[in-house]
There are 2 protein chains.
Amino acid sequence: MQRPPKRTGPLAQLKVLELGHYIAAPFCTRILGDLGAEVIKVEPPGGDPVRGWGAQVNGNPVWFSVHGRNKLSVVLDLKRDRDVVLKLAARADVLVENLRAGQLERLGLGPEVLHAVNARLVIARISGYGQDGPYRDKPAFGAIGEAMGGLRHLTGHPPGASALPPPRCGLSISDDLAGLYAAIGLLAAVWERDAAKAGTCRGRVVDVNLVDSVFSLMEGMLHCGADQHLSLRRRQVALHCRQFRPDFRAADDGDRRPELAGDPAYTTNADRCARREALDDAIAAWTRTLPAKDAQDRLEAADVPCSRLYDIADCAADAHFLARRSVQPVDDELIGRTLHPGPAIRLDGDRPEAAIGWPGPVTGAHQDYVLHALLGLPRSGQ
Amino acid sequence: MQRPPKRTGPLAQLKVLELGHYIAAPFCTRILGDLGAEVIKVEPPGGDPVRGWGAQVNGNPVWFSVHGRNKLSVVLDLKRDRDVVLKLAARADVLVENLRAGQLERLGLGPEVLHAVNARLVIARISGYGQDGPYRDKPAFGAIGEAMGGLRHLTGHPPGASALPPPRCGLSISDDLAGLYAAIGLLAAVWERDAAKAGTCRGRVVDVNLVDSVFSLMEGMLHCGADQHLSLRRRQVALHCRQFRPDFRAADDGDRRPELAGDPAYTTNADRCARREALDDAIAAWTRTLPAKDAQDRLEAADVPCSRLYDIADCAADAHFLARRSVQPVDDELIGRTLHPGPAIRLDGDRPEAAIGWPGPVTGAHQDYVLHALLGLPRSGQ
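Trainee: Explain the overall build of chain A to me, please; I cannot follow it from the model alone.
Mentor: Counting secondary structure elements, chain A contains 18 helices and 11 strands. Burial status across chain A gives 51% buried among its 382 residues. When contacts within chain A are restricted to residue pairs at least 6 apart in sequence, long-range pairs at least 24 apart make up 73% of them.

Next up, the structure:
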């Protein structure tokens, strides 16, 4: 029986049941697991299909080493093993799911059924479009949340700079955002249940979706309309794009433009935005004369926020990432020695190393522990 | 005295003190406010400088209508009015700040001082690089979190498609992500304090930063190295880029490629990834023959996830957004009738309209209420 090591962290007493697949729900529970929560991940007999994605080492997915870390994996058929799922729900604080909207109900595992066995269960549901509304039954993926939530329209080069359509953000950002919003919603609900309104003991249903999670970031854009923000956002991009090219030659300090600093035309943010083109040209004329490293050194000496565009190798080698344990070596028996990102959330008194209890396990690794040690089911009965 | 309307939601009993400016901390508290929390925003005499950003109506910022909603604004000088800040901290559950790392200590408002007046206070700190490590004293903005966290390297067109450097994501995504992580961290800490370990009553310090918040999303990339992921991510982009161009002509159904569906070369995700170029070309050859609307209709009829690239006007007019109150009209006395995004987190029993109590107030709008009604300070004493 694989009994997992004891976890620490603020959520060490929180019991989470994941009926999730792909990205959004498993990402939500990964963050909860980093904070110490017990996460039981229910997988279908073939395993979460996300295990088939991306690079593999000896048939083991490297992504899952991170995506599945700190989780207990148990294999169940949601139809045939419905009673076992209900037993797991009965002892859980939170259930996190990202089946298609309505699928939980079709499996006979809807909120009413779950609350009949555990009225305190907080149920966090992540879907493409939400649990109601005209699109609720449409299928969705991360790319759709990004496109419909309005983000992709804003990501790209300034008008006229390229004939290519706007690219995607380089990650499944809408899944990640929905996972984070679900974590916030369920933690708010367990706090309300356990602390703020201890008398009610009610397990709330939290409804989060990919499209709204992206759309939530649109700031004041609804007021302004599309055109104003497109040009604003894309012009910002232009400014940043031109700042750091890695291959320019150095020049002496004679290129400084002290007259701009004292120019009243550039005093406020609004002033500078109004003269963005001129400012951009002046900055680009300066950076064009310098290697990126030199430009960065001089800007930092002047306390100007700046950065090169890091790739993952830059992150892995960076002194600050290493000093703060933002990159951590992990011995993974499935894929060998590897590197994990540390926790994005640090709490005083908790070592950042403690956030990584174990890397993502093989499908069903904790079958025996979960069914027999935790639920007390007889071995032969399965 | 402007006494605010009573709020509902799971965090209605949570008292939040914001010493924030610009995006990350105020975004964190906006999400907490949407969930019902009391948020007291402390602003310097001139107001949060973010109020000067973007479009203005009669000198009032439209972004702040959303960014500042549900908040109580009080003007204090953190140096001169330190005693008042400590009184506010004494009655709060959570303090959220995004001053430069160490600034709170320099103001005589560090965690030790705050915990001396309120040992239960959870202190959520958001910075560019974290509260320790070699870069902790460097200044940062959202663009830097995106660049150093590894995201910007991945956002762009496939190698060879464009000579332009990768653009920024169209939003200050690292600020937004850090705000969400801070919300998760502080809710985990208040749950631990109030429910899981009620005996300790300890106010934890939560340390979140822009760079780690982006880096947290890098999945298995640390294992694979930069090149593999760059080409993978950017090729994904290529596929999606070519799917929907709005101006192609319609064709009949003779263009269907039923032979691909039965082709064993395309059975698994790994198969399809390996033949991405061929698949991409086949899809592009089909979509190129259709107006976007027709392509969408046919794909939806076949239950294929798809979307056009919405701009903000598309969002505002969409039937699903409207039906779910993801877009809500708001009467803002400062900027007039406007539209807000609804809450990304829905809880059963809470109307989505209730998430918007009031739009962002003018600087100091709740001075009298906060100082006199809440703190009981004498009127003449200020």
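Trainee: I tried to follow the sheet that holds strand β7 (residues 122-127) of chain B on my own but got confused; where do I start?
Mentor: Strand pairing in a sheet relies on backbone hydrogen bonds, with the paired strands running either antiparallel or parallel. Pairing within the open sheet is mixed, and its seven strands lie in the order β11(A)-β8(B)-β7(B)-β6(B)-β1(B)-β2(B)-β5(B). Of all the strands in the sheet, the pair left with one neighbour each is β11 (345-347) of chain A together with β5 (71-75) of chain B. Recorded for the sheet is a direction-independent mean angle of 20° between the axes of neighbouring strands. By the bridge criterion, five bridges tie β7 of chain B to strand β8 (residues 205-209) of chain B in an arrangement that is parallel. Considered in β8 of chain B, the bridge of Ala 124 of chain B is made with Val 206 of chain B. Sheet strands touched by helix α18 (residues 367-374) of chain B: β2 (38-43) and β5 of chain B. Its angle to β5 of chain B, the strand with the most contacts, is close to 85°.

Trainee: What is the right way to read the interface of chain B and chain A from this model?
Mentor: Residue-level contacts link 120 residues of chain B with 120 residues of chain A. Grouping the amino acids of the side of chain B that touches chain A by side-chain chemistry returns 70 nonpolar, 31 polar and 19 charged. In terms of strand pairing, strand β8 (residues 205-209) of chain A meets strand β11 (residues 345-347) of chain B through three bridges, oriented antiparallel. Residue pairing for β11 of chain B: Val 208 of chain A is matched across the bridge by Ile 345 of chain B.

Trainee: In this structure, what is going on with the relation of the copies chain B and chain A? I would like to understand it.
Mentor: One copy of the chain maps onto the other through a rotation about an axis plus a displacement along that axis. When chain B is brought onto chain A, the operation consists of a screw motion whose angular component is 180° and whose axial shift is 0.0 Å, with 0.1 Å RMSD remaining. Both chain copies can therefore be described as sitting about a two-fold axis. The share of interface residues of chain B whose copies in chain A are also at the interface is 100%, consistent with both copies meeting through the same surface.

Trainee: It is not clear to me how the nonpolar core should be interpreted in this structure. Could you clarify?
Mentor: A general feature of soluble globular proteins is that nonpolar side chains tend to end up buried together. With 186 residues, the main nonpolar core has Ile 184 of chain A together with Ile 184 of chain B as its most contacted residues. Here Ile 184 of chain A is in contact with Ile 31, Leu 180, Ala 183, Ile 184, Leu 187 and Ile 345 of chain B, once residues within four sequence places are set aside.

Trainee: Help me understand the packing of helix α1 (residues 24-34) of chain A against helix α8 (residues 173-196) of chain A, please; the structure alone is not making it clear to me.
Mentor: In helix packing, the relevant descriptors are the interaxial angle and the interaxial distance, both defined with respect to the helix axes. Residue and element names in this part refer to chain A. Where α1 meets α8, the closest approach of the two axes is 8 Å, and the angle between their N-to-C directions is 50°. When the axis of α1 is compared with that of α8, the two are oblique. Both α1 and α8 take part in a crossing whose hand is right-handed. Across from Ala 24, Ala 25, Phe 27, Cys 28, Ile 31 and Leu 32 in α1, the residues of α8 making contact are Asp 175, Asp 176, Ala 178, Gly 179, Leu 180, Ala 182 and Ala 183. Of the residues belonging to the contact of α1 with α8, the class tally is 10 nonpolar, one polar and two charged.

Trainee: Just to check I follow, could you spell out the pairing of strand β9 (residues 327-332) of chain B for this structure?
Mentor: A regular strand carries its side chains on alternate faces of the sheet. Residue and element names in this part refer to chain B. Two elements, β9 and strand β10 (residues 336-341), share six bridges in a ladder whose sense is antiparallel. Paired with Val 327 across the strands is Pro 341, a residue of β10. Hairpin connection of β9 to β10: three residues between the antiparallel strands.

Trainee: Just to check I follow, could you spell out the sheet that holds β8 of chain A for this structure?
Mentor: The sheet built from seven strands is open, its strands ordered β5(A)-β2(A)-β1(A)-β6(A)-β7(A)-β8(A)-β11(B) with mixed pairing. Edge positions in the open sheet fall to β5 (71-75) of chain A together with β11 of chain B, since each of these has one partner strand only. Going across the sheet, the axis of each strand differs from the next one's by a mean of 20°, ignoring polarity.

Trainee: Help me out: how do you make sense of helix α3 (residues 82-91) of chain B in this one?
Mentor: Think of an α-helix as 3.6 residues a turn; residues three or four steps apart then line up on the same face. Residue and element names in this part refer to chain B. Among the residues of α3, Val 85, Leu 88 and Ala 89 are the ones counted as buried. Taken down its axis, α3 places every buried residue within 100° of arc, on the same side. Among the structural elements, β1 (15-19), β2, β6 (94-97) and α5 (111-117) are those in contact with the buried residues of α3.

About the thresholds
Residues numbered from 1 in each chain as written. Chains lettered and ligands numbered in written order. Predicted model: local features only at pLDDT ≥ 70, side-chain atom pairs only at ≥ 80, totals over all residues. Helix = DSSP H or I, 4+ residues; strand = E, 2+ residues; numbered from the N terminus. Buried ≥ 20, exposed ≤ 12 C-beta atoms within 10 Å, placed from the backbone. Contact = placed C-beta atoms within 7 Å. Pairing = 2+ DSSP bridges. Axes fitted to C-alpha atoms, helices over the stretch in contact; angles between N-to-C directions. Nonpolar A, V, L, I, M, F, W, Y, C, P; charged D, E, K, R; others polar. Least-squares fit on C-alpha atoms with pLDDT ≥ 70 in both. Core = buried A, V, L, I, M, F, W, Y, C linked by C-beta atoms within 7 Å. Parallel < 35°, antiparallel > 145°, perpendicular 65-115°, else oblique. Left-handed = near helix turned anticlockwise from the far one by under 90°. Arc of directions from axis to C-beta.

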